[in-house]
Amino acid sequence: ATAHQVMRITSLDGLMLPQSEVFCSDLPVESHSWRHALAVSPTSEVFVSVAAGQEGDFKQDWRYGSVMRLSADGKSQPFASGLHECLGIAFHPQSGSLWATDESPETIGFEVHPDELNVLQADGDYGWPFCYADRKPDPKLGSIGICQATEPALMALPSLSTPAGMAFGESLQADPLYRSMLYVALNGSLHGKRQQGFRLMAMPLTDVGRISGWGIDLITGWSVDGEAWGRPRDVAVGPVSVSSSQRKV
């Protein structure tokens, strides 16, 4: 996914130069919404997120603050809405459900809006810009009635932790503990408290794929004494070749 379109790359067999073509040019083009997360479902459907940086965006185009399903001809169709800044989506390896991170806005003030981890339902509304936190009405836009009709988050994350890319660890060649985890890159924020993000979090899952605990910091150190020198954006999981005497992530 580029800023304004989704590309399809073919001939990745090492024998030919990769060929690319535009699969979808049906994305909003405002510059502040250039970040997209991309995932392919178990049934080979393509899903893409569209971030929204301003409250008025959704009035101009329904695709702002949403996750879309792309049809076979590359046209965008609504799937889930109310996601302020979804920077990571991934399909659960067991249930096939679509999980998503969401960086909440700061319209009320820093450290008020918790960030979120969501399980997306078709046609689900996850609150933005009318609601925040556990379906609380925005003072200017929301109401109790509107917010009660929205979907609650699976897990609230610390504000300003900025959850971004995510991946399930099922395909890791590692101990079962690591294969049964969800990995989330916390991008962090340059505003307010700087110890919330800047890390790779690993959340343990049960045998049926439900979150069983808050999680652990798998990798840290991108922020030292409140000064950030790096911001992890995404995480990818794949098989790792290791010797029989040593297995690692």
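What you see as residue numbers is a count from 1 along each chain, following the sequence as written. The predicted origin of the model limits local features to residues at a pLDDT of at least 70 and limits the giving and counting of side-chain atom pairs to 80 or more, whereas totals for whole chains, interfaces and linings rest on all residues. Where side-chain values are given, they derive from all heavy atoms of the structure, hydrogens and water being excluded.

> Give a detailed account of the overall build of the protein, specifying residues and quantitative values.
Segments assigned H or I by DSSP are reported as helices when at least four residues long, segments assigned E as strands when at least two residues long, and all are numbered from the N terminus. Tallying secondary structure elements over the protein gives three helices and 19 strands in all. Think of it in three bands: with a 1.4 Å probe and only protein chains considered, a residue is buried below 20% of the maximum accessible area for its type, exposed above 50%, and partly exposed in between. Across the 249 residues of the protein, 42% fall into the buried class. Considering only residue pairs separated by 6 or more positions, the protein has 48% of its internal contacts joining residues 24 or more positions apart. Here the Shrake-Rupley method, with its probe set to 1.4 Å, supplies the accessible areas, and only the displayed protein chains count as covering residues. Working note: accessible area of the protein is about 12800 Å², and carbon and sulfur atoms make up 50% of it. By definition, residues are in contact when any of their heavy atoms lie within 4.5 Å.

> Which residues make up the environment of His4, and what are the values?
Considering the arrangement of structural elements, one finds His4 in the segment before strand 1 (6-10). With near-sequence residues (within four places) excluded, His4 lies in contact with Cys24, Ser25, Leu27, Pro28 and Val29.

> Give me the lowdown on the confidence of the model for the protein, citing residues and values where you can.
Averaged over every residue, the pLDDT of the protein is 86; the share at 70 or more is 86%. Confidence over residues 242-249 falls short of pLDDT 50; this stretch has nine contacts with residues more than four positions distant or in other chains. For every residue, the predictor states its confidence as a pLDDT score lying anywhere from 0 to 100.

> With reference to specific residues and values, describe the packing of aromatic side chains.
Two rings belonging to Phe, Tyr or Trp (six-membered ring only in the last case) form a pair when the distance between their centres is within 6.5 Å. Interplanar angles under 30 degrees mark stacking, angles over 60 mark edge-to-face geometry, and anything in between is tilted. Taken as a whole and assessed by the stated rule, the structure comprises three aromatic pairs. A ring pair is formed by Phe47 and Phe79, whose centres lie 5.1 Å apart and whose planes are at 80°; its orientation type is edge-to-face. One end of the pair, Phe47, is in strand 4 (residues 46-50); the other, Phe79, is in strand 6 (residues 76-81), with 32 residues separating them in the sequence. Considering the side-chain rings of Trp99 and Phe168, the 5.2 Å spacing of their centres and the 80° angle between planes classify their relative orientation as edge-to-face. Here Trp99 is found in strand 8 (residues 98-102), whereas its partner Phe168 is found in strand 14 (residues 163-168), with 69 residues between them in sequence. Neither Trp99 nor Phe168 differs from the other in exposure class; each is buried.

> How would you explain the sheet that holds strand 17 (residues 216-219) if you had to name every residue and give the values?
Backbone-to-backbone hydrogen bonds pair the strands of a sheet. The strands run either parallel or antiparallel. At least two bridges found by DSSP between two strands are what make those strands a pair. Taken together, the four strands give an open sheet; going across it, the order is 14-15-16-17, and neighbouring strands pair in antiparallel fashion. In this open sheet, the two edge strands, each paired with only one partner strand, are strand 14 and strand 17. On average, each strand axis in the sheet is tilted by 30° relative to the strand beside it, whichever way the strands run. As paired elements, strand 16 (residues 199-204) and strand 17 share three bridges and run antiparallel to each other. Across the sheet, residue Met201 finds its bridge partner in strand 17, namely Asp217. Here, axes are lines fitted to C-alpha atoms. For helices the fit covers the stretch in contact, and angles between N-to-C directions go from 0 to 180 degrees.

> Quick rundown of the nonpolar core? Include the residues and the values.
Residues grouped as a nonpolar core are buried Ala, Val, Leu, Ile, Met, Phe, Trp, Tyr and Cys residues, joined through side-chain atoms within 4.5 Å. The biggest cluster of nonpolar side chains holds 14 residues, and the ones touching the most others in it are Phe47, Val67, Phe79, Ile89, Leu98 and Leu120. Elements that contribute at least two residues to this core include exactly strand 6, strand 7 (89-91) and strand 8. Setting aside chain neighbours within four positions, we find Val67 in contact with Phe47, Val48, Ser49, Pro78, Phe79, Ala80, Leu83, Cys86, Ile89, Leu98 and Leu120.

> Any details on the state of the cysteines? Residues and values, ideally.
Working definition: a disulfide is two cysteine sulfur atoms within 2.5 Å of each other. The full count for this structure, using the stated rule, is one disulfide. There is a disulfide in this structure between Cys131 and Cys147, and the S-S distance comes to 2.2 Å. Disulfide Cys131-Cys147: the torsion about the S-S bond is -100°, which places it as left-handed. In this pair, Cys131 sits in strand 11 (residues 131-132) while Cys147 sits in helix 2 (residues 144-148), placing the two residues 16 residues apart along the sequence.

> A description of the sheet that holds strand 6 should follow, citing residues and the corresponding values.
Pairing within the open sheet is mixed, and its five strands lie in the order 3-4-5-6-10. On the outer flanks of this sheet lie strand 3 (38-40) and strand 10 (124-125), each paired with one strand and no other. Relative to strand 5 (residues 66-70), strand 4 is paired through five bridges, and the arrangement is antiparallel. In the strand pairing of strand 5, Val50 is matched with Ser66.

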